[in-house]
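Coordinate analysis (summary)
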Amino acid sequence: MSHPAFAGLELIETAVIVLDGTRTVRHLNPAAETLFELSARETIGRPLSACFSEPAEILAALDAAEKQNASVTEHDVALAVRLGNTIHVGFTVREIEAPALTVLEFRQTDQQRKIANEERLAAQQLANRQLIRNLAHEIKNPLGGIRGAAQLLKKELPDPALKEYTQVIVDEADRLQSLLDRLLTPHRLPQLGEVNIHEVLERVRSVLLAEFPNGLAVRRDYDTSAPDLYGDKEQLIQAVLNIVRNAAQAMHGAGQIVLKTRIARQVTLNRRRFPLGLTLEITDNGPGIPEQIRETLFYPLVSARPGGTGIGLHLAHTFIQQHNGTIAFESEPGRTSFTITLPLNGWSPLDGSK
C-alpha cells in the first residue's frame, strides 16, 4: 500500500510515480495507473522496470538528475507500456531530499501531437481549397470555349470518322467540367437538421452493396443508444460513402468493411471541448494505404488508384471539418481504419468558403 504522505498526489491530473533511493516504486497515483495501464497493488514495491519494458530514457534522466542534483525534463519520449502499446510522453524528474525520494511527473504528448497534426492539415486544406478554387475558375472559361469550338467543328466536318474525334474532345471537356464542379462542391455551409447516423450508414451500405454485389461484405457494429446528430445528412452520406467506396475499390470489390459507432465522452475537436461526441470507425481488410501518400492523403488530386481523381477523400475531410469534426486513419497491410469523430451537440458549422 502507498504511504499516507502521498495522499495529496491522488488528486493530481498528471501521472506521478514516486521512487525511493533504490528506484523501487513507492507510489503511483490514479492518473499514472490509467495512463500506463498499471495497478498500484501490483506495482508498488517493485522496480521501475515493472512499469515499462524499455525505460532507458527514464533511467538516463534519473542518472542525470542524481549527478546534477537538479530537475531534468524530457519533452517527447516513446514509452512501451502493457499490451504492446506505445505512448508519447514528456516527463520531469525531481529529487526530494527528505525523505530521499524521486518524483517522476508525466504528461502525455500524443494529444498535443494529434492537435498539431489536425491544425497543420486544416491549414493546408484551407490553402489547397483556395488554390483549387482559383484554378478551377481559371480553367472553366477556356474549357467551355474548347467544347463549343469542337461542337461547331463537328457540324462542319463531312467525314463521320473525323466527327468521332471532335466527339472525343466534347466528352473529355465534359469530364473535366464535372471534375471542376466536384472540386467546387464543398464551398457551402452545411444544411443543418437532426440526423440519425445509422440511417446515414444504412444508406451508404445499400449503395455500396449495389455497386459491388459480388464478394463484398459490410458488417455493422452500431451503438444504437447514440442520439441524433445535428448536421447535414447529404454531406455526411457523401463523406462516409467516399471513404467506403475507396476501400471497396482498393479491395477490387472483394473483402470486408466494418462500420462501427460508439459514444465518446469529453472529446476535444478543433481545440473545442464537447461533453459528448460520436466516433465512427470504418475498417477494411484491404491492402492498406501506400506509405508515400499517407501524409498527403486528404489533399486534392492525390490517389493511389490508377484512374482515380483524388477528390473523394478531400471532399470527405472537408465535409467532416465543416461539421466541426475530425477524421484520422491508421493503415497497414490487411487492416485500414478511418475514424470520424463528431460532436453530438453545441457546435456551429465551420465556413468552408474561406
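So, here's what we can say about the structure. Numbers given for residues are sequential positions, taken from 1 along each chain in its written order. Local features are withheld for residues below a pLDDT of 70 in this predicted model, meaning they are given only at 70 or higher, and side-chain atom pairs are given and counted only at 80 or more; totals for whole chains, interfaces and linings count all residues. Derived side-chain values reflect all non-hydrogen atoms in the structure, with water molecules and hydrogen atoms excluded from consideration.

1. Re the overall build of the protein chain
Going along the chain from the N terminus, every DSSP run of H or I of four or more residues is numbered as a helix, and every run of E of two or more is numbered as a strand. Of the regular secondary structure elements, the protein chain holds eight helices and 12 strands. Expressed as a percentage of its 354 residues, the buried residues of the protein chain come to 43%. The criterion used for residue contact is that any of the two residues' heavy atoms lie within 4.5 Å. The long-range share in the protein chain, meaning contacts at least 24 apart out of those at least 6 apart in sequence, stands at 62%. Here the open area of atoms and residues is found with the Shrake-Rupley method and a 1.4 Å probe, where only the protein chains shown may cover a residue. Accessible surface, the protein chain as shown: approximately 18,700 Å² in total, 53% of it carbon and sulfur. Note on exposure labels: buried denotes an accessible area under 20% of the residue type's maximum, exposed denotes more than 50%, and partly exposed covers the range between, all computed with a 1.4 Å probe on protein chains only.

2. Overview of the packing of aromatic side chains
What counts as a ring pair is set by centres within 6.5 Å for rings of Phe, Tyr and Trp (its six-membered ring), and what kind of pair is set by the plane angle: stacked under 30 degrees, edge-to-face over 60, tilted for all other angles. Per the stated rule, a full pass over the model turns up five aromatic pairs. An aromatic cluster is built from F36, F52, F91 and F106, whose rings are joined through pairwise contacts.

3. Structural notes on helix α7 (residues 233-250)
Expected helix span is taken as 1.5 Å per residue step, with the number of steps being one fewer than the number of residues. With 18 residues, α7 should reach 26 Å at 1.5 Å per residue; the first-to-last C-alpha distance of 26 Å fits that figure. Listed in full, the buried residues belonging to α7 are Q235, L236, I237, A239, V240, L241, N242, I243, V244, A247 and A248. For α7, the capping residue at the N-terminal end is D232, with a side-chain oxygen 3.1 Å from the backbone nitrogen of E234. At the exit of α7 stands H252, carrying a positive phi of roughly 55°. Residues adjacent in sequence count toward polar contacts only when both atoms are side-chain atoms; beyond that, a polar contact is any pair of N or O atoms within 3.5 Å, and within protein one must be able to donate a hydrogen and the other to accept it.

4. Quick look at helix α3 (residues 56-68)
A turn of α-helix holds 3.6 residues, and therefore any two residues three or four places apart point the same way. Look at α3: 18 Å from first C-alpha to last across 13 residues, which is about the 18 Å you get at 1.5 Å a residue. Taken together, the buried residues of α3 touch β1 (15-19), β3 (72-80), β4 (86-96) and β5 (101-108).

5. As for unusual backbone geometry
Of all residues except glycine, most have a negative phi; of all peptide bonds, most are trans. For R23, which is not a glycine, the phi torsion comes out positive at approximately 60°. If you trace the backbone, R23 turns up in the loop between β1 and β2 (25-28). Classification of R23 by relative accessible area gives partly exposed; the value is 22%.

6. Structural notes on the packing of α7 against helix α8 (residues 312-322)
Fitted lines through C-alpha atoms give the axes, limited to the stretch in contact for helices. The angle between two N-to-C directions lies from 0 to 180 degrees. In contact at an axis separation of 8 Å, α7 and α8 are set at 145° when each is read in the N-to-C sense. Between α7 and α8 lies a crossing of left-handed hand. Every residue of α8 that contacts α7 at Q235, L236, Q238, A239, N242, I243 and N246 is listed here: G312, L313, L315, A316, F319, I320 and Q322. Here the contact of α7 with α8 is composed, by residue class, of eight nonpolar, six polar and no charged. Crossing handedness: left-handed means the near helix sits turned counterclockwise from the far one by under a right angle, and right-handed means the same turn made clockwise. Only Asp, Glu, Lys and Arg are considered charged, only Ala, Val, Leu, Ile, Met, Phe, Trp, Tyr, Cys and Pro nonpolar, and every remaining residue, Gly among them, polar.

7. Observations regarding the side chain of T261
On the secondary structure map, T261 appears in strand β9 (residues 255-269). Taking the relative accessible area as the measure of exposure, T261 reaches 0% and is therefore buried. One polar contact links the side chain of T261 to the main-chain amide nitrogen of D223, over a distance of 2.9 Å. Setting aside residues no more than four positions away along its own chain, T261 makes contact with I197, H198, L201, D221, Y222, D223, T279 and L280.

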